[in-house]
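Per-entry structural report
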Amino acid sequence: MKSSLKKFAPVLLAAILAVSLSSVAFADGRAAKSKASPTYPELAKKMNISGTVKVEVTVAPNGHVVSAKAIGGHPLLIDASVNAAKQFKYEAATEETKEIVEFKFNGAN
């Protein structure tokens, strides 16, 4: 019985991580058409770091993110969050807008 639990431990850990790692975008009227989730950094996992990272994105009229910068969050989680925010796609608009994207990292294991 114990050996079967050890066999499924990595799969269970990955499932828990997938459920606990979530991303939510907050926009001022401009809806995100597609979102990307950040990859939990290995060092942050090992150190059991959790927290929220806020990223400000500048979105072109065509809906593509032209720039992203962190405006708050743990330093070990920032790069992954900024990289994920750059992959977001928004609905088209008449002008460039700034949006805030918030990524929540809820424990490594």
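Residues numbered from 1 in each chain as written. Predicted model: local features only at pLDDT ≥ 70, side-chain atom pairs only at ≥ 80, totals over all residues. Heavy atoms only, no water.

Some remarks on the overall build of the protein
Rules: Strands are runs of DSSP state E lasting at least 2 residues, helices are runs of H or I lasting at least 4, and numbering of each runs from the N terminus. The buried label applies to any residue whose accessible area, calculated with a 1.4 Å probe on protein chains only, is under 20% of its type's maximum; exposed applies above 50%, and partly exposed to all values in between. Whether two residues touch is decided by their heavy atoms; if any such pair falls within 4.5 Å, the residues are in contact. All accessibility values rest on the Shrake-Rupley procedure with a 1.4 Å probe; residue burial counts only the protein chains present in the view.
A count of helices and strands for the protein gives 3 helices and 6 strands. Its helices and strands taken in sequence order, the protein reads α-β-β-α-β-β-α-β-β from the N to the C terminus. Within the protein, buried positions represent 32% of all 109 residues. For the protein, the share of sequence-separated contacts (at least 6 apart) that also reach a separation of at least 24 residues comes to 74%. Surface summary for the protein: the accessible area is close to 6,700 Å², and the carbon and sulfur share equals 57%.

Description of the confidence of the model for the protein
Definition in use: Confidence of the predictor at the level of single residues is given by pLDDT, which spans 0 to 100.
Summing up the model confidence of the protein, the mean pLDDT is 81 and the portion of residues at 70 or higher is 72%. Within the model, pLDDT remains below 50 along residues 7-27, and this stretch shows 33 contacts once partners closer than five positions in the same chain are excluded.

What to know about the nonpolar core
Side chains of a nonpolar character, in soluble globular proteins, are inclined to be buried together. Condition: In plain words, nonpolar cores are sets of buried Ala, Val, Leu, Ile, Met, Phe, Trp, Tyr and Cys residues tied together by side-chain atoms within 4.5 Å.
Within the largest apolar cluster, 19 residues are counted, with the highest numbers of intra-cluster contacts made by Val55, Val57, Leu77, Tyr90 and Phe103. For this core, the elements supplying multiple residues, two or more each, are strand E3 (51-59), strand E4 (65-72), helix H3 (75-85) and strand E6 (97-105). Apart from the residues within four sequence positions on either side, Leu77 is in contact with Tyr40, Pro41, Ala44, Ile49, Ser50, Gly51, Val53 and Phe105.

Things to note about the environment of Ser37
Turning to its location among the elements, Ser37 is positioned in the loop between strand E2 (32-34) and helix H2 (42-46). Classification of Ser37 as exposed rests on a relative accessible area of 51%. C-alpha separation for the pair Ser37 and Gln87, spaced 50 residues apart in sequence, amounts to 9.1 Å.

Description of the side chain of Arg30
The test is simple: Under the convention used here, Asp and Glu are negative, Lys and Arg are positive, and both His and the chain ends fall outside the count. What makes a salt bridge here is a side-chain nitrogen of Lys or Arg within 4 Å of a carboxyl oxygen of Asp or Glu, nothing more. Polar contact criterion, stated in full: a pair of N or O atoms within 3.5 Å, where within protein one must be able to donate a hydrogen and the other to accept it, and residues adjacent in sequence count only if both atoms are side-chain atoms.
Mapped onto the elements, Arg30 comes out in the loop between strand E1 (21-26) and E2. Although buried, Arg30 forms no salt bridge, and the nearest oppositely charged side chain, Glu99, lies 5.2 Å from it. Within polar-contact distance, the side chain of Arg30 engages the backbone oxygen of Glu91 at 2.8 Å.

Re the pattern of salt bridges
Counted by the stated rule, this structure contains 4 salt bridges. Among the ionic pairs, Glu56 bridges to Lys69, the shortest N-O distance being 3.9 Å. Taken together, the positions of Glu56 in strand E3 and Lys69 in strand E4 put the pair 13 residues apart, joining distant regions of the chain. Residues participating in the shared-partner salt-bridge network are Lys54, Glu102 and Lys104.

Things to note about the packing of aromatic side chains
Rule in force here: Note on aromatic contacts: the rings of Phe and Tyr and the six-membered ring of Trp form a pair at centre separations within 6.5 Å, being stacked when their planes are under 30 degrees apart, edge-to-face when over 60 apart, and tilted otherwise.
Enumeration according to the criterion identifies 3 aromatic pairs in this entry. Look at Tyr40 and Phe105: their rings are 5.2 Å apart centre to centre, the planes differ by 90°, and that puts the pair in the edge-to-face class. Of this pair, Tyr40 sits in the loop between E2 and H2 while Phe105 sits in strand E6; the two residues are 65 residues apart in sequence, bridging distant segments of the chain. Each member of the pair, Tyr40 as well as Phe105, is classed as buried. Ring centres of Phe88 and Tyr90 lie 6.3 Å apart, and the angle between their planes is 35°; this geometry places the pair in the tilted category. On the basis of relative accessibility, which here comes to 0%, the residue Phe88 falls in the buried class. A relative accessible area of 2% places Tyr90 in the buried class.

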